[in-house]
Amino acid sequence: MPKIIIDGQEIECRPGIPVLQAALEAGMDIPHYCYHPGLKIVASCRLCLMEMKMPHPKTKEMAWAPKLFPSCQTPAKDGMEVRFDSDAVRANVRHVMEYYLLNHPLDCPVCDKAGECYLQDYTEDHGSAASRMVDEKQKNPKKDIGPQTLLYSDRCVLCSRCVRFCDEISGTSELRVINRGSRGEIDVFPGRPLDNALQGNVVELCPVGALLDKEFLFRQRVWTLKTTKSISPVDSRGQSIYIDYNEEGIHRIRPRFNEKVNEWWISDEARFGWKHVHRDDRLNQPRVRGSDGLVPQRWEELPEFLRKRLADAAKQVSDSVAVVLSPMMSCEEAWLLAKAVRDVAPQAVLFHGFVPVVGEDRTFPKGFVVKAEKCPNRRGIETICEHLGGNTANWGDFLGMASSGKIKAAYVVGGYPNEWLTSEAVAAIGQVEFLVVQDLFPTALTEHAAVEIPSVSWTEREGMFMNCDGLLQEFERALNPLEGTKADGQFFFELAGNVGLFRAKKVREEMAAALPVFADVFIPQELPEHAH
Amino acid sequence: MAFERILMKHVDVPNSTSLSVYKSDGGYEGAAKALQMKAEQVVELVKEANVRGRGGAGFPAGLKWSFLPAERDVTYLCVNADESEPPTFCNRVLMETDPHMLLEGILIAGYATRTTVAYIYMRGEFIEQFHIMQKAIDEAYEAGYLGKNILGSGYDLDCYIHRGAGAYICGEETGLIESLEGKRGWPRIKPPFPAVEGAFRKPTVVNNVETLACLPHIITRGVEWWQSLGPEGSFGPKMYCVSGPVNKPGCYEGPMGISVRDLIYADEFGGGMRDGKKVKAVLPGGFSMGVLRGDLFPKAPDGTVDPAQDYDELDARLDFDDVRRYGLLGLGTAAAVVVAEDTDIRDVLANVARFFAMESCGQCTQCREGSSWMYKMAQRIRGGAGRIADLDVLVEVTQNMGMMPGESICGLSDGAAWPIRTIVQKFRKEFEQHISAQAPDAAAEWIRRVNPAAYGLPIAQGRAEVMPGGTFYRPDSEPDTVEA
Amino acid sequence: MAWRTIDRTKVSPEEMGPGLSAAVREKIQAFFPRYPTKQAALIPALHIIQDALGYISLQAMEDVAELLELHPSQVMDVVSFYSMFWTHPRGKKTIMLCRSLSCELMGGKNVRDALVEKLGIKEHETTDDGEWSFMTEECLAACEHAPCMLINEKLHKCVRVEDLNRILSDPDNDKLEMPRSDLFDAPRTAQT
């Protein structure tokens, strides 16, 4: 590992990285705009310039070179000595910050980026309160550049990150710099909008408020938002995300760095895959079929009721009880539910739930993949079923057995964001005598259900998903469960006969003891505090 | 003794662009001789002669060639004919009078560097010159000086003209390469240098037209002859341009190191000022190198050189080193534009500032924003609404833009900063006179009109402070050599 | 929305303008063997298009992008970078006047003012009769002939205000007086 000296402090860094990256990883706050570790280096913002010791051309003695060097473009080499803490570097940063504000509008009060804007931050730290520019300001236009994105080019600092993203990561090249010099702007070709499966990333990539998400536009000031680390359930790779929310609900989803899965990016599917959480028709109370159809039932009475009914069914024919474990469930939830049902019906058959697949896997130029499999935990469910053993089978088998009347009682979990049942599936499942359905929304199964239990979205739960490559990742709860509902895990915990609060971590310990693979939860690296 | 014209020997010869005229005078003999030698020998010869690039930075051509990796399959030669540095036109003169001299130089350089394809990157505004050069290329192909197995040596070379389309920055070697590849002419970050990874990601040599035109003569006449011309370190003949209100504006050839005074006044060069006016200022190396004071100012006692004093600086000698003593960035293109005593220095400042504001490529922040800010200030000063504070801010901006060559991706930032700093510093008294002659509220009124938000601030009243610690300039440090 | 936003997501067929003819495509393709990439033929291609259409229309950008296997935005990027390319129609003859220092010192400003007055147009505009367009350029590298200007392909040297009438009325004021290479055609206006 190379050792370099930054501001007199010896730092060990990963080989081959630029000095800027090494400094950021050492926790230093080095201003930068154009540099992003996931994109090509262009060294154009000139904010991260540093002083470097070089051999003097004549005496060959190591001395501070008279010029400044871009730290983003200079690879860290063992033994090199650089400094940011010098008059020359500070003067440069101060000047460059002044340049950025020459034409920048003072519209922070109406700018969505305010509060997480690196123009604000760096100006606060390094800039000057008043501009010395008294001449006419250049006012670049605001442009609608795509179905999801706006470009306020008057706020742009021309770091070209968005352009490079579209060139290198999405490979679609919609965004370009047009014009020359200070007339430069970002633009799309007229009629060829920014419209690709990864386009939303340009909004976070933008260090200022130039690229804006239409969904989030004027919605919230960012300092009112709370943030939770989560995993996106939209596809089987399990992209790491941040959920930004407050008491009003979710406002946006942002990418969270994950070196093994999504790196710095997420797909638009993941970014906008939270709308169903706030749908009006969410199920919000458990109901049990009486003589007048489904009637509301108190949560407290459900576990006992279900245990009894399932046990009764198991007494008729030992393997006539089925549990359908949805790949939308977390590992802990699936574990608890399977154990709970097997507790009263030991021969119960564990079925893998329906796996939604849309289209084919799409691989982008630098390896970002959008999976066709649109659920987060198929591997987790399969692993659990395999471990628990006994009778297990897949979704197709379940439908076959149900339609032939072999299944007397079934506990079917859904939880999909979209309509997921075909009419054939509904007809087959309708044959089950005692049908428990747990889902987010009313479905065609409602009319066949003996018991209907509301499920909650992943943002209201905690747990872990195992992605399509077998990587186990945890997600945290953002929102409280919708009023009238109960987190799935909590309910299964009670169904399994426990008293008290469900804690995913506790269940995980129990699972890990039984099956070591569950001890191995992957936690992605935290990005350095001052990296962006 | 009259100087023997080498590069411009055919300027007055009728039909000089034709192959027959060129050949009648020893044309392509240098190439024939070079092709008998080993490629490495040619490189060594050029290195030994110490041919410094004529494009502006003065980087030794042979050394540049020797940076090419030994193992390479394809090599490109880019001929920099994007002559956009005002007021430079010697490459144009060379190409329109003696296109075959350039082609012969290309052939020699191409052979020495094992080039397979040579691209002449010619600025788009050169239209006549394009047709002249293209005709010469066609002739050369036909006569076997280009194409396959040139002169039976087994060496193949193709040569194409690539027309630019109006962008100063494409004269920067990596900007040129980007433009050649069909992109915007944004200079690349270095390393890798073009010699390692240039056009189409292959090893590439970029040489200026005049540099290449020198090669045939070095081959035929030898290193000794070459080094007999000009002072130590600045050998060879040089094409000088002089324009502005002189009696004979034009392109002239002389040895390296003639004085600016000679370039303006000598009969064989500019022939003196029109109407006997005095020289207020000269930009002697193209815009980017900075300004010298003219003979409107008194002569310095006993030849002292001090750019901080208001002395006549026309004795600066035009070679790679002497001009630096006068606060200039370097020799540049040795193209002088002369400003007469009756020209308002504010017009000069505004014109120069506009050039760089328009031509900055917009990649690096300092250059993009600084150049346009300086132009806005210069415009206001010219419009009679300047403030003393503007002069300080201008100097400070230039000090940040061009603290040291090499701090931005290319040299344009320094090139923009240098003339503006030297104009403001060397002619500060005149600026101050103009400003004090303005109506007292002229600046405030202007500011109120164009930027009402700034009007209320103290700065609008002319009380701008130079940022504390804001200037960083070490006059004692030596600027590095920049490749351009 | 609180303020006006330009919609870049849609474009009308009129805004797209004329596309590339087969002849123009062929001329562009003739440049392919010169370069190892197709993209490198972009700037020559844009010259050819501008010679044929008078300017570079959006449709032409799309067409040339397809021909060179680029995204149209990459073509727009290049077109907008270089000052010689026009993105709106030009007159039959375009005056490109040098405004750099040598020309300014030698009276270029007066020539500019006289031209603007005579033609009644500002920079980057075209006269109503479609005859003249006007632009200035930073330096034409003909400083010894200051002030100078190009009319299409022909360089006019040492232009004085009093010469303007003669120059503008000369029917051959835009013609090259030399054998020309057939790689690039003489400019003509767009066939409508």
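These figures come from a predicted structure and were not determined experimentally.

## A look at the overall build of chain B
Consideration 1: Within chain B, the secondary structure is distributed over 18 helices and 9 strands.
Consideration 2: Relative to the 2.2 N^0.38 estimate, which gives 23 Å for 484 residues, the radius of gyration of chain B is 23 Å and therefore close to what a compact globule would have.
Consideration 3: Per-residue burial for chain B yields a buried fraction of 68% across its 484 residues.
Consideration 4: For chain B, long-range pairs separated by at least 24 residues make up 68% of all intrachain contacts whose partners lie at least 6 apart in sequence.
Consideration 5: Here chain B displays about 15700 Å² of accessible surface, and carbon together with sulfur accounts for 51% of that area.
Consideration 6: Taken together, the 50 basic and 65 acidic charged side chains of chain B have centroids lying 4 Å from each other.

## Some details on the pattern of salt bridges
Consideration 1: The final tally for this structure, using the stated rule, is 91 salt bridges over all chains.
Consideration 2: Ionic pairing is found between Lys315 of chain A and Asp312 of chain A, a salt bridge with its closest N-O pair at 3.8 Å. Here Lys315 of chain A and its partner Asp312 of chain A are both found in helix H7 (residues 302-316), 3 residues apart, which amounts to about one turn of the helix.
Consideration 3: Relative accessible area serves as the criterion here: at 66%, Lys315 of chain A is assigned to the exposed category.
Consideration 4: By relative accessible area, which is 30% here, Asp312 of chain A ends up partly exposed.
Consideration 5: Where Arg112 of chain C meets Asp113 of chain C, a salt bridge forms, and the shortest distance between an N and an O atom there is 3.7 Å.

## Here's the deal with the sheet that holds strand E3 (residues 125-126) of chain C
Residues and elements named next belong to chain C.
Consideration 1: On the basis of which strands lie adjacent, the open sheet formed by 5 strands has the order E3-E4-E2-E5-E6 and mixed pairing. Strand pairing shows two members of the sheet lacking a second neighbour, E3 and strand E6 (154-156), which therefore form its edges.
Consideration 2: As paired strands, strand E2 (residues 93-98) and strand E4 (residues 132-137) are joined by 6 bridges and run parallel to one another. The residue of E4 that forms the bridge with Cys98 is Glu137.

## A look at the sheet that holds strand E12 (residues 226-231) of chain A
Residues and elements named next belong to chain A.
Consideration 1: Judged by pairing direction, the sheet is antiparallel, and its 3 strands sit side by side in the order E12-E13-E14 without closing on themselves. Edge positions in the open sheet fall to E12 and strand E14 (249-255), since each of these has one partner strand only. The mean inter-strand angle of the sheet, taken between neighbouring strand axes irrespective of direction, is 30 degrees.

## Let's talk about the interface of chain B and chain C
Consideration 1: Each partner contributes to the interface: chain B provides 63 residues, whereas chain C provides 48 residues.
Consideration 2: Roughly 4300 Å² of surface becomes buried between chain B and chain C when both sides are summed, with 61% attributable to carbon and sulfur atoms.
Consideration 3: Looking only at chain B, the three residues that lose the most surface to chain C are His131, Ala165 and Arg184 of chain B, adding up to 14% of its buried area.
Consideration 4: At the junction of chain B and chain C, the tally comes to 3 salt bridges.
Consideration 5: Residues Arg184 of chain B and Asp77 of chain C are paired through a salt bridge, measuring 2.6 Å at the closest nitrogen-oxygen approach.
Consideration 6: Along the contact surface separating chain B from chain C lie 23 residue pairs in polar contact (both at pLDDT 80 or more).
Consideration 7: Those elements that place two or more of their residues in the side of chain B that touches chain C are helix H5 (90-97), strand E2 (117-122), helix H7 (128-143), strand E3 (158-163), helix H8 (173-180), strand E9 (335-340) and helix H12 (345-359) of chain B.
Consideration 8: The element best represented in the side of chain B that touches chain C is H12 of chain B, accounting for 8 residues.

## Some remarks on the domain arrangement of chain A
Consideration 1: Domain annotation for chain A reports domain 1 (3-85), domain 2 (100-224) and domain 3 (287-519).
Consideration 2: Put simply, the middle of domain 1 of chain A and the middle of domain 3 of chain A, counted by C-alpha atoms, are 53 Å apart.

## Topic: the interface of chain A and chain C
Interface size is often expressed as the accessible area that is lost when the parts come together.
Consideration 1: The interface is formed by 26 residues belonging to chain A together with 24 residues belonging to chain C.
Consideration 2: Of the roughly 2300 Å² buried at the junction of chain A and chain C (both faces included), carbon and sulfur atoms supply 63%.
Consideration 3: If you sort the residues of chain A by the area they bury against chain C, Arg180, Phe189 and Pro190 of chain A come out on top, with a joint share of 29%.
Consideration 4: Remark: the boundary between chain A and chain C carries 3 salt bridges.
Consideration 5: Linking Arg8 of chain C and Asp187 of chain A is a salt bridge whose minimum nitrogen-to-oxygen distance equals 2.7 Å.
Consideration 6: Scanning the region where chain A abuts chain C turns up 11 residue pairs in polar contact (both at pLDDT 80 or more).
Consideration 7: Listing elements by their share of the side of chain A that touches chain C, those giving two or more residues are strand E7 (142-144), strand E8 (149-152), strand E9 (175-178) and strand E10 (185-188) of chain A.
Consideration 8: Grouping the constituent residues of the side of chain A that touches chain C by class yields 12 nonpolar, 5 polar and 9 charged.

## Describing the nonpolar core
Consideration 1: Ranked by size, the top nonpolar core spans 263 residues in total, and within it Ile106 of chain B together with Ile28 of chain C carry the most contacts.
Consideration 2: Other than its neighbours up to four places away in sequence, Ile28 of chain C contacts Leu20, Ala45, Ile48, Ile49, Val64, Leu67 and Leu68 of chain C.

## Overview of the pairing of strand E25 (residues 463-466) of chain A
Residues and elements named next belong to chain A.
Consideration 1: The alternating pattern of E25 places Gly463 and Phe465 and Met464 and Met466 on opposite faces, both of which are buried.
Consideration 2: By the bridge criterion, 4 bridges tie E25 to strand E26 (residues 472-475) in an arrangement that is antiparallel. Across the sheet, residue Met464 finds its bridge partner in E26, namely Glu474.
Consideration 3: Counted along the chain from E25 to the antiparallel partner E26, the turn is 5 residues long, and its residue Gly470 has a positive phi close to 85 degrees.

## Remarks on the domain arrangement of chain B
All names here are of chain B.
Consideration 1: One can read the domain layout of chain B as domain 1 (19-227), domain 2 (237-340) and domain 3 (345-461).
Consideration 2: Centre-to-centre separation of domain 2 and domain 3, based on C-alpha positions: 24 Å.
Consideration 3: Counting from both sides, the interface comprises 19 residues of domain 2 and, opposite them, 18 residues of domain 3.
Consideration 4: For the pair domain 2 and domain 3, the summed buried surface comes to about 1300 Å²; carbon and sulfur atoms form 69% of the total.
Consideration 5: The three residues of domain 2 that bury the most area against domain 3 are Phe287, Val291 and Leu329, which together make up 40% of that side's buried surface.

## Examining empty space enclosed by the protein
Residues and elements named next belong to chain C.
Consideration 1: By the definition in use, this model includes 11 cavities of 30 Å³ or more.
Consideration 2: When its volume is computed, the second largest cavity comes out at roughly 250 Å³.
Consideration 3: Elements with a minimum of two residues in the lining of the second largest cavity: helix H3 (42-53) and E2.
Consideration 4: At 3 residues, H3 tops the list of elements feeding residues into the lining of the second largest cavity.
Consideration 5: For the lining of the second largest cavity, the class distribution of residues is 9 nonpolar, 4 polar and 5 charged.
Consideration 6: When we break the lining of the second largest cavity down by domain, the ones giving at least three residues each are domain 1 (13-81) and domain 2 (93-169).

## A short note on unusual backbone geometry
Consideration 1: Between Lys190 of chain B and the following residue, Pro191 of chain B, the backbone shows a cis peptide bond with an omega angle of -5 degrees.
Consideration 2: Considering the arrangement of structural elements, one finds Pro191 of chain B in the loop between H8 and strand E4 (204-208).
Consideration 3: Residue Pro192 of chain B is reached from Pro191 of chain B by a cis peptide bond, and omega for that bond is 5 degrees.
Consideration 4: Among the structural elements, Pro192 of chain B can be located in the loop between H8 and E4.
Consideration 5: The phi dihedral of Phe200 of chain B falls on the positive side, at around 50 degrees, and the residue is not glycine.
Consideration 6: Mapped onto the elements, Phe200 of chain B comes out in the loop between H8 and E4.
Consideration 7: Non-glycine residue Asn152 of chain C carries a positive phi angle of around 50 degrees.
Consideration 8: By the element assignment, Asn152 of chain C lies in the loop between strand E5 (149-151) and E6.

## What to know about the environment of Glu373 of chain A
All names here are of chain A.
Consideration 1: You can see Glu373 is positioned in the loop between strand E20 (369-370) and helix H9 (378-388).
Consideration 2: Each C-alpha atom of the pair Glu373 and Gly359 lies 8.5 Å from the other, and the pair is 14 residues apart in sequence.
Consideration 3: The residues touching Glu373, leaving out its near neighbours within four places in the chain, are Val234, Asp235, Ser236, Val355, Pro356, Val357 and Arg378.
Consideration 4: Within polar-contact distance, the side chain of Glu373 engages the side chain of Arg378 at 2.8 Å.

## Thoughts on the packing of helix H8 (residues 331-344) of chain A against helix H13 (residues 504-514) of chain A
Between two packed helices, both the angle of their axes relative to each other and the distance between the axes serve to describe the pair.
All names here are of chain A.
Consideration 1: Between H8 and H13, the least distance of the axes is 10 Å, while the angle of their chain directions is 70 degrees. Relative to H13, the element H8 lies roughly perpendicular. Across the interface between the two elements, Cys331, Glu332, Trp335, Leu336 and Lys339 of H8 pack against Ala504, Val507, Arg508, Glu510, Met511 and Ala514 of H13.

Conventions and cut-offs
Residues numbered from 1 in each chain as written. Chains lettered and ligands numbered in written order. Predicted model: local features only at pLDDT ≥ 70, side-chain atom pairs only at ≥ 80, totals over all residues. Heavy atoms only, no water. Helix = DSSP H or I, 4+ residues; strand = E, 2+ residues; numbered from the N terminus. Rg over C-alpha atoms; globule rule 2.2 N^0.38 Å. Buried < 20%, exposed > 50% of the residue type's maximum accessible area, 1.4 Å probe, protein only. Contact = heavy atoms within 4.5 Å. Areas by Shrake-Rupley, 256 points an atom, 1.4 Å probe, with all protein chains shown as cover. Lys, Arg positive; Asp, Glu negative; His and termini not counted. Charge placed at Lys NZ, Arg CZ, Asp CG, Glu CD. Salt bridge = Lys/Arg side-chain N within 4 Å of Asp/Glu carboxyl O. Pairing = 2+ DSSP bridges. Axes fitted to C-alpha atoms, helices over the stretch in contact; angles between N-to-C directions. Buried area = accessible area lost by both parts, 1.4 Å probe. Polar contact = N/O pair within 3.5 Å; in protein donor to acceptor, adjacent residues only side chain to side chain. Domains from an automatic or database assignment. Nonpolar A, V, L, I, M, F, W, Y, C, P; charged D, E, K, R; others polar. Core = buried A, V, L, I, M, F, W, Y, C linked by side-chain atoms within 4.5 Å. 1 Å grid on protein atoms, 1.4 Å probe; cavity = no way out; pocket = protein on both sides within 12 Å on 5 of 7 lines; lining within 4 Å. Points joined across faces, edges and corners; volume = space filled by probe spheres on them. Parallel < 35°, antiparallel > 145°, perpendicular 65-115°, else oblique.

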